[in-house]
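Fold and geometry: a report
Each chain, written out:
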Amino acid sequence: MTRYFIFHKGDIMLHKNSDGIYDIPTGNVPPVEKLPNVEEIKLSSNNGEMVAFETDNPRNDDEYEMCNLRQAYYKLDHDLYAKAGKCYELVYWSRNNRYCGICGGGMRMHTEISKCCEKCGNVVWPLLSTAIIVLIEKGNEALLVRANNFKRNFYGLVAGFVETGETLEEAVIREVAEETSIEIDDIRYYASQPWPFPCGLMVGFFARYKSGEIRLQHDEIADGGWFSRDNLPTLPDEMSIARRLIETWRSKKKTKSEK
């Protein structure tokens with residue numbers, strides 16, 4: 001049986017089971033037609049074939065529901081959500097790489113995650129946009145910021161894209177300096193997270209405040225400051241590595257001065 005990861009304008013089609021549990025549509029044929037003249041993405045897994053594509057005919061009925069990919073995190077199990085994220089990234093990449101950047105020829109799927117130009121043989125793979133995100137500790141407080149591009153009124157962490165020619169640690173130092181004007185040290189890797197919105201990899205760190213006064217880069221950061229564990233603002237969604245970093249910091253044993 002084939003699992004069909006079907007997308008429409010950032011939404012994914014979910015199958016609604018009678019017991020209220022959501023999963024990915026499965027069967028021998030897809031429940032809707034794909035966009036014409038656009039290739040399907042076909043991937044193999046331990047549980048059978050996966051097919052991903054976009055459609056112009058989404059379904060919202062008793063059996064299927066179109067759901068924003070971010071919100072699907074709360075409806076699918078972790079393994080299915082991870083697969084959905086990968087499929088979305090590949091569909092996005094395929095749609096934006098229909099023609100060769102060298103000769104202009106048509107690109108066709110070559111392997112599960114590569115395309116080859118029919119004319120000159122140029123082969124391309126999906127590109128990841130790598131970004132860092134960092135929780136900065138100062139005594140019993142952490143630096144939280146509200147970025148201008150946040151759609152809701154929550155506070156997250158300093159983050160930014162890694163530039164060509166720099167290490168992840170150098171990117172952490174640069175982004176913190178650019179966005180807050182403070183200096184940090186004791187940079188420690190925490191974890192990474194695929195971020196398929198549309199094709200990112202978030203790499204999380206902890207760091208300690210070293211010196212300086214906060215001066216926010218207001219074209220990117222609307223507000224920010226030091227917060228204690230007992231006085232936190234609205235936090236990011238649970239699905240984000242930002243929330244995981246904050247919760248890991250918050251769960252640490254309080255110092256005597258904080259008790």
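Everything that follows concerns the structure shown earlier in this document.
A brief look at the structure comes next. Nothing here was measured: the structure is a model prediction, and the numbers come from that model. Per chain, residue numbering runs from 1 following the sequence as it is written. Note on the predicted model: pLDDT of at least 70 is required for a residue's local features to be given, and 80 or more for side-chain atom pairs to be given and counted; whole-chain, interface and lining totals, by contrast, use all residues. Side-chain metrics rest on all non-hydrogen atoms present in the structure, leaving aside hydrogens and water.

1. Considerations on the environment of His15
Each helix corresponds to a stretch of at least 4 residues labelled H or I by DSSP, and each strand to a stretch of at least 2 residues labelled E; elements are numbered beginning at the N terminus. Among the secondary structure elements, His15 is positioned in strand 2 (residues 11-16). Only protein chains enter the accessibility calculation, which uses a 1.4 Å probe; a residue whose area is less than 20% of its type maximum is buried, one above 50% is exposed, and one in between is partly exposed. Relative accessible area serves as the criterion here: at 17%, His15 is assigned to the buried category. Put simply, His15 and Pro31 are 16 residues apart on the chain and 9.9 Å apart in space, counted from C-alpha to C-alpha. For this analysis, residues touch if any pair of their heavy atoms sits within 4.5 Å. Beyond its immediate sequence surroundings of up to four residues, His15 is in contact with Ile21, Tyr22, Asp23, Ile24, Pro25, Glu63 and Tyr64. Side chain to side chain, His15 and Asn17 meet in a polar contact 3.4 Å long. Polar contacts, as used here, are pairs of N or O atoms within 3.5 Å; protein pairs need one atom able to donate a hydrogen and one able to accept it. Residues neighboring in sequence count only if both atoms are side-chain atoms.

2. Overview of the sheet that holds strand 10 (residues 123-124)
Note on pairing: two strands pair once DSSP finds at least 2 bridges between them. Reading across the sheet, the three strands line up as 8-9-10 and stay open at both edges, with antiparallel pairing between neighbours. Pairing within the sheet leaves two strands with one partner each, and these edge strands are strand 8 (107-111) and strand 10.

3. Observations concerning the nonpolar core
Within this scheme, the nonpolar core is defined by two criteria: the residues are buried Ala, Val, Leu, Ile, Met, Phe, Trp, Tyr or Cys, and they are joined through side-chain atoms within 4.5 Å. The biggest cluster of nonpolar side chains holds 41 residues, and the ones touching the most others in it are Phe5, Phe7, Ile12, Leu135, Leu144 and Leu157. With 17 residues, the next largest nonpolar core counts Ala147, Val172, Ile184 and Ile221 among its residues.

4. Side note on the packing of aromatic side chains
Within 6.5 Å between ring centres, the rings of Phe, Tyr and Trp (the latter by its six-membered ring) count as paired, and their orientation is classed by plane angle as stacked under 30 degrees, edge-to-face over 60, tilted in between. In the structure shown here, the tally under the stated rule is nine aromatic pairs. Aromatic side chains Tyr73 and Tyr74 sit 5.0 Å apart centroid to centroid with 85 degrees between the ring planes, which places their arrangement in the edge-to-face category. For Tyr73, a relative accessible area of 28% puts it in the partly exposed group. The class of Tyr74 is partly exposed, set by a relative accessible area of 40%. Geometrically, the ring pair formed by Tyr73 and Tyr81 is edge-to-face, given 5.4 Å between the ring centres and 85 degrees between the ring planes. According to the relative accessible area criterion, Tyr81 is buried, its value standing at 9%. The rings of Tyr73, Tyr74 and Tyr81 are connected pair by pair, giving a single aromatic cluster. Either the NZ atom of lysine or the CZ atom of arginine qualifies as a charge over a ring when it sits within 6 Å of the ring centre and within 35 degrees of the ring normal. Above the face of the Phe197 ring, Arg70 is positioned so that its terminal group lies 4.3 Å from the ring centre. Its guanidinium or amino end placed over the ring of Trp93, Lys115 lies 5.9 Å from that ring's centre, counting from NZ or CZ.

Functional significance is not addressed by these values, which are geometric in nature.
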